[in-house]
Amino acid sequence: GEERTDLVLELARLRLEQARDLPRLQREEVWRNSAMELDGALDQTPPLPRRVLIESARALLATEPAQDACWRARVAPWDATLRETARERNREAASRLRKLIDELSPKGGQAPTEASPAGLGLAQRRTLSAELRCRLAEGLAAVAELAPVGDPTRAATVSEALKWAKPIAESDDALDSVSRA
């Protein structure tokens, strides 16, 4: 139950830390293995306690290869394949993050205002929601940066990034918790 959830989350965290110091191909293998472990935990019956934390770890894991792809696309701006890979990985990560933020913040994407049935207190939900919003806004800003100047999708993407970041800026406690992370 709870111990299994904690072990899965700690293993995912350790793998992410390890991956940051590895060459690209090894990093991608670590990300794949971690994703398979988290997906396996999400598929368990009965569901593990605090499932939302495992879903969050999986969503945040998807941002790692997306950020890496954006960095590689910025280093080689002439490579259209790298730009498209970065956009695709960010679309996947953004989709996971949006879904989870909506689950944590059911009132039109606003910050959580009450405890959740998922076993998380209000403070935990607010902190988690702020972290997810921050990563989503960062990813959208990175995608916008890759779009050519004057491209209408660039402005729309920046606008969406600001929309997701706004509740963080308006909430002192959420912003403080993200800045400490």
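About the thresholds
- Residues numbered from 1 in each chain as written.
- Predicted model: local features only at pLDDT ≥ 70, side-chain atom pairs only at ≥ 80, totals over all residues.
- Heavy atoms only, no water.
- 1 Å grid on protein atoms, 1.4 Å probe; cavity = no way out; pocket = protein on both sides within 12 Å on 5 of 7 lines; lining within 4 Å.
- Points joined across faces, edges and corners; volume = space filled by probe spheres on them.
- Helix = DSSP H or I, 4+ residues; strand = E, 2+ residues; numbered from the N terminus.
- Nonpolar A, V, L, I, M, F, W, Y, C, P; charged D, E, K, R; others polar.
- Salt bridge = Lys/Arg side-chain N within 4 Å of Asp/Glu carboxyl O.
- Buried < 20%, exposed > 50% of the residue type's maximum accessible area, 1.4 Å probe, protein only.
- Core = buried A, V, L, I, M, F, W, Y, C linked by side-chain atoms within 4.5 Å.
- Polar contact = N/O pair within 3.5 Å; in protein donor to acceptor, adjacent residues only side chain to side chain.
- Contact = heavy atoms within 4.5 Å.

S.K.: Sorry, what's going on with empty space enclosed by the protein here?
M.R.: A water-sized probe, rolled over the atoms, reveals where empty space remains. Scanning all chains against the criterion turns up two cavities of 30 Å³ or more. Of the volumes computed, that of the largest cavity is approximately 70 Å³. Forming the walls of the largest cavity are Thr 63, Ala 66, Gln 67, Asn 90, Ala 93, Ala 94, Leu 97, Arg 135, Leu 136, Glu 138, Gly 139 and Leu 140. Counting only elements with at least two residues in the lining of the largest cavity, the list comes to helix 3 (51-75), helix 4 (80-104) and helix 5 (122-146). Counting residues per element, the lining of the largest cavity draws most heavily on helix 5, which supplies five residues. Tallied by class, residues from the lining of the largest cavity come to six nonpolar, four polar and two charged.

S.K.: In this structure, what is going on with the pattern of salt bridges? I would like to understand it.
M.R.: For side chains of opposite charge, pairing can occur when their charged atoms come near one another. Applying the stated criterion to the full structure yields 21 salt bridges. The salt bridge partner of Asp 39 is Arg 58, with a shortest N-O separation of 2.9 Å. On the criterion of sequence distance, the pair formed by Asp 39 in helix 2 (residues 24-42) and Arg 58 in helix 3 is long-range, its members being 19 residues apart. When its relative accessible area of 27% is taken as the criterion, Asp 39 is described as partly exposed. Exposure remark for Arg 58: the relative accessible area of 9% places this residue in the buried category. Look at the salt bridges and you will find they share partners, linking Arg 20, Glu 64, Glu 131, Arg 135 and Glu 138 into a network.

S.K.: Explanation requested: the nonpolar core in the structure shown.
M.R.: Considering soluble globular proteins, one finds that nonpolar side chains tend to be buried as a cluster. Leu 97, Leu 132 and Leu 136 are the most contacted members of the largest nonpolar core, which has 16 residues in total. Those elements that place two or more of their residues in this core are helix 3, helix 4, helix 5 and helix 6 (152-170). Counting residues in hydrophobic clusters, the runner-up holds 13 residues, among them Ala 19, Ala 41, Ile 54 and Ala 57.

S.K.: Explain the environment of Gly 40 to me, please; I cannot follow it from the model alone.
M.R.: Note on placement: Gly 40 falls in helix 2. Residue classification places Gly 40 among the partly exposed residues on the basis of a relative accessible area of 32%. When the C-alpha positions of Gly 40 and Val 8 are compared, they lie 9.8 Å apart, and in sequence the two are 32 residues distant.

S.K.: How should I be thinking about the side chain of Asp 68 in this particular structure?
M.R.: Relative to the helices and strands, Asp 68 is located in helix 3. Asp 68 sits in the buried class, given a relative accessible area of 11%. Side-chain polar atoms of Asp 68 contact the side chain of Arg 27, separated by 2.9 Å. If we skip the residues at most four places from it in the chain, Asp 68 touches Arg 24, Arg 27 and Trp 31.

Without other data, these values stay purely geometric and don't point to any function.
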